[in-house]
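The lines below spell out each chain.
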Amino acid sequence: MSTKRSGFVWVSRVAVVALLMGIVSQAGEAFQSKGMYEAGFGATWTKLDVDGMDAHFLVGQADLSYFLTDGLSLGAGVMGAYLVDAADIEEDAALLGLEVNLRYHLPAIGCAVPYVGIHGGWAYMEAGDDTDDGLMYGAHAGIKYPITANVFFDTQVKYTIFEMDEAEMDLDTLQVLFGIRYYFGEGANASAGGGAEPAPYEAGDIELSFAGGYNWTTTDTGGDDQDSHTINASGNAAYFVTDAISVGVGALGMYVIDAGDVDEDTLLIGAELSADYHFCGLGRLVPYLGLHGGYGYITTGESEHMWEYGAHGGVKYLVTDTVFINAQLRYTKFDLDDNDIDVDLDATQAMVGLGFRL
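Residues numbered from 1 in each chain as written. Predicted model: local features only at pLDDT ≥ 70, side-chain atom pairs only at ≥ 80, totals over all residues. Heavy atoms only, no water.

Some details on the overall build of the chain
Phase 1 of the analysis: When helices and strands are tallied, the chain shows two helices and 16 strands.
Phase 2 of the analysis: By the burial criterion, 46% of the 358 residues in the chain qualify as buried.
Phase 3 of the analysis: Of all intrachain contacts in the chain linking residues separated by at least 6 positions in sequence, the fraction that spans at least 24 positions is 60%.
Phase 4 of the analysis: About 17400 Å² of surface is accessible on the chain, with carbon and sulfur atoms providing 61% of the total. (Helix = DSSP H or I, 4+ residues; strand = E, 2+ residues; numbered from the N terminus. Buried < 20%, exposed > 50% of the residue type's maximum accessible area, 1.4 Å probe, protein only. Contact = heavy atoms within 4.5 Å. Areas by Shrake-Rupley, 256 points an atom, 1.4 Å probe, with all protein chains shown as cover.)

A look at the environment of glycine 97
Phase 1 of the analysis: As for its placement among the helices and strands, glycine 97 is situated in strand β4 (residues 93-105).
Phase 2 of the analysis: In the structure, glycine 97 is positioned 28 residues away from methionine 125 in sequence and 8.5 Å away in space, judged by C-alpha atoms.
Phase 3 of the analysis: Not counting residues within four places of it along the chain, the set of residues in contact with glycine 97 comprises Gly77, Val78, Met79, Trp122, Ala123 and Met136.

A word on the packing of aromatic side chains
Phase 1 of the analysis: Scanning the model with the defined rule gives 11 aromatic pairs in all.
Phase 2 of the analysis: Taking 6.5 Å as the distance between ring centres and 20° as the angle between the ring planes, the aromatic pair formed by phenylalanine 153 and phenylalanine 178 counts as stacked. Taken together, the residues span a long stretch of sequence, with phenylalanine 153 in strand β7 (residues 151-164) and phenylalanine 178 in strand β8 (residues 169-185) at a distance of 25 residues.
Phase 3 of the analysis: Taking the relative accessible area as the measure of exposure, phenylalanine 153 reaches 21% and is therefore partly exposed.
Phase 4 of the analysis: Phenylalanine 178 gets classed as partly exposed once you look at its relative accessible area, which sits at 44%.
Phase 5 of the analysis: Judged by centre distance (5.1 Å) and plane angle (75°), the ring pair of tyrosine 277 and phenylalanine 279 falls under edge-to-face.
Phase 6 of the analysis: An aromatic cluster of three or more residues is present, and its members are Tyr145, Phe153, Phe178, Tyr277 and Phe279.
Phase 7 of the analysis: Across from the ring centre of phenylalanine 324, 5.1 Å away, lies the NZ or CZ of lysine 316, which sits over that ring. (Phe/Tyr/Trp six-rings, centres within 6.5 Å; stacked < 30°, edge-to-face > 60°. Lys NZ or Arg CZ within 6 Å of the ring centre and 35° of its normal.)

Here we look at the environment of glycine 235
Phase 1 of the analysis: As for its position among the elements, glycine 235 is in strand β10 (residues 224-240).
Phase 2 of the analysis: Considering only alpha carbons, one finds glycine 235 and leucine 354, 119 residues apart in sequence, at a separation of 9.9 Å.
Phase 3 of the analysis: In this structure glycine 235 touches Ser209, Phe210, Val249, Gly250 and Ala251, once residues within four positions along its chain are discounted.

Observations regarding the nonpolar core
Phase 1 of the analysis: Core analysis: the biggest nonpolar cluster contains 15 residues, and Phe57, Val59, Met79, Leu95, Ala123 and Phe162 have the highest contact counts within it.
Phase 2 of the analysis: Among the elements of the structure, β2 (53-69), β3 (72-86), β4, β5 (113-127), β7 and β8 are those that each provide at least two residues to this core.
Phase 3 of the analysis: Within the second largest apolar cluster, eight residues are counted, among which are Met254, Ile298, Met306 and Ala347. (Core = buried A, V, L, I, M, F, W, Y, C linked by side-chain atoms within 4.5 Å.)

Quick look at the side chain of lysine 144
Phase 1 of the analysis: Summarising the element assignment, lysine 144 is placed in strand β6 (residues 130-146).
Phase 2 of the analysis: Side-chain polar atoms of lysine 144 contact the side chain of glutamate 38, separated by 2.4 Å.
Phase 3 of the analysis: Within the local environment of lysine 144, its side chain forms a polar contact with the side chain of histidine 105, the two groups lying 2.8 Å apart.
Phase 4 of the analysis: Those residues in contact with lysine 144, other than ones at most four positions away along the chain, are Glu38, His105, Cys111, Ala112, Val113, Tyr115, Phe152, Phe153, Asp154, Arg181 and Tyr183. (Polar contact = N/O pair within 3.5 Å; in protein donor to acceptor, adjacent residues only side chain to side chain.)

Side note on the confidence of the model for the chain
Note: predicted coordinates in regions of low pLDDT should not be interpreted at a detailed level.
Phase 1 of the analysis: Confidence in the prediction of the chain, expressed as mean pLDDT, is 79, and 72% of residues score 70 or more.
Phase 2 of the analysis: Across the chain, element-level confidence peaks in β4 with a mean pLDDT of 91 and bottoms out in helix α1 (residues 3-24) with 49.
Phase 3 of the analysis: For the stretch residues 1-5, pLDDT sits under 50, and the model shows six contacts to residues farther than four places along the chain or on other chains.
Phase 4 of the analysis: Segment residues 21-29: pLDDT under 50, and 10 contacts once partners within four positions in sequence are set aside and those in other chains are kept. (pLDDT = per-residue confidence, 0-100.)

A short note on the pattern of salt bridges
Oppositely charged side chains can pair when the atoms bearing their charge come close.
Phase 1 of the analysis: Applying the stated criterion to the full structure yields eight salt bridges.
Phase 2 of the analysis: Here glutamate 38 ties to lysine 144 by a salt bridge, and the two come within 2.4 Å at their closest N and O atoms. With glutamate 38 in strand β1 (residues 36-50) and lysine 144 in strand β6, this pair connects stretches of sequence that are 106 residues apart.
Phase 3 of the analysis: For glutamate 38, a relative accessible area of 0% corresponds to the buried category.
Phase 4 of the analysis: Between arginine 357 and aspartate 205 there is a salt bridge, and its shortest N-O distance comes to 3.6 Å. With arginine 357 in strand β16 (residues 343-357) and aspartate 205 in the loop between α2 (188-191) and β9 (206-221), the pair connects residues that are 152 residues apart, well separated along the chain.
Phase 5 of the analysis: Classification of aspartate 205 by relative accessible area gives buried; the value is 15%. (Salt bridge = Lys/Arg side-chain N within 4 Å of Asp/Glu carboxyl O.)

Quick notes on the pairing of β6
Phase 1 of the analysis: Pairing between β5 and β6: 15 bridges, direction antiparallel. Paired with methionine 125 across the strands is aspartate 132, a residue of β6.
Phase 2 of the analysis: Here β5 folds back onto β6 in antiparallel fashion, the turn holding two residues, of which glycine 128 has a positive phi close to 65°.
Phase 3 of the analysis: Taking the residues that link successive antiparallel strands as the turn, the β6-β7 hairpin has four residues. (Pairing = 2+ DSSP bridges.)

Things to note about the environment of tyrosine 309
Phase 1 of the analysis: As for its placement among the helices and strands, tyrosine 309 is situated in strand β14 (residues 302-318).
Phase 2 of the analysis: For tyrosine 309, a relative accessible area of 42% corresponds to the partly exposed category.
Phase 3 of the analysis: Those residues in contact with tyrosine 309 that sit more than four places away from it in its chain are His292, Gly293, Tyr331, Thr332, Lys333 and Asp335.

So this is what it looks like as structure tokens:
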């Protein structure tokens with residue numbers, strides 16, 4: 001089956017599922033109500049399959065929508081993609097598209113608003129001196145979390161097929177876009193956020209948390225990647241500067257107990273700063289995303305100082321108003337000051353722990 005045909009079948013199935021989900025969810029209450037307007041933008045770095053060749057693009061989109069009924073919106077927007085890297089393409093390449101979209105917003109889960117939709121339009125592509133245009137169409141789904149009553153953080157998965165006429169070339173892309181949505185118009189402040197608070201915290205709250213885990217870590221020893229087994233531990237004190245944003249300081253430790261051909265014990269100890277954004281709660285569950293970075297030292301027979309930085313996400317379960325269980329997934333890159341020790345750590349860690357709100 002051709003890419004065009006299989007893509008069309010895939011999009012058709014998603015559209016049918018989206019419609020069925022919308023019908024089933026009519027009994028629930030949608031936060032987005034008739035007469036509201038929604039403006040938003042999103043961006044990502046994505047890989048496109050261009051006639052069997054991987055090409056990397058920087059992608060952005062913006063649109064404006066109007067809610068025809070409670071939960072159902074019709075919108076129009078613009079999207080663009082700029083070629084950043086492709087092995088066999090030396091010329092600059094860019095793509096610009098105009099599209100319309102139809103979205104159905106399902107009843108909120110806590111204060112998170114899931115949605116599904118379809119989109120289509122016309123695209124114009126330029127690569128060096130060559131130009132082309134053609135039809136584009138696809139389906140998308142996402143979830144929005146309120147930052148304020150009418151400002152939402154948006155995560156969207158979008159599948160699009162571009163059919164270029166003259167080049168007889170199909171572009172097939174699956175994107176994960178991150179962006180911001182803004183609601184205005186009749187009932188925007190009351191309806192968009194559903195009256196939900198960003199998170200069950202207040203500015204001035206203080207948290208103490210402790211976590212540990214047993215993980216697999218990629219260890220680069222002189223150019224050879226090896227899977228390592230590690231024991232991890234961390235402690236953190238955080239202060240809420242707003243009802244949703246906290247800044248913290250903490251300590252971490254990681255002991256490599258098995259690193260393949262590396263005979264010496266490897267111990268990493270450091271101190272780090274962190275910043276977290278807490279989304280609205282799903283009952284007693286509070287999801288969050290954050291960044292971390294710090295400085296410390298690593299020993300593999302001899303000691304060396306290093307920087308560490310990365311991102312993390314997780315969820316807290318509020319056992320009581322002051323005690324919570326924390327599950328966190330962290331990605332961290334450890335960079336040594338010099339190459340006296342020929343070991344670089346690139347760690348994905350799953351941590352589970354206990355925390356206290358003061």
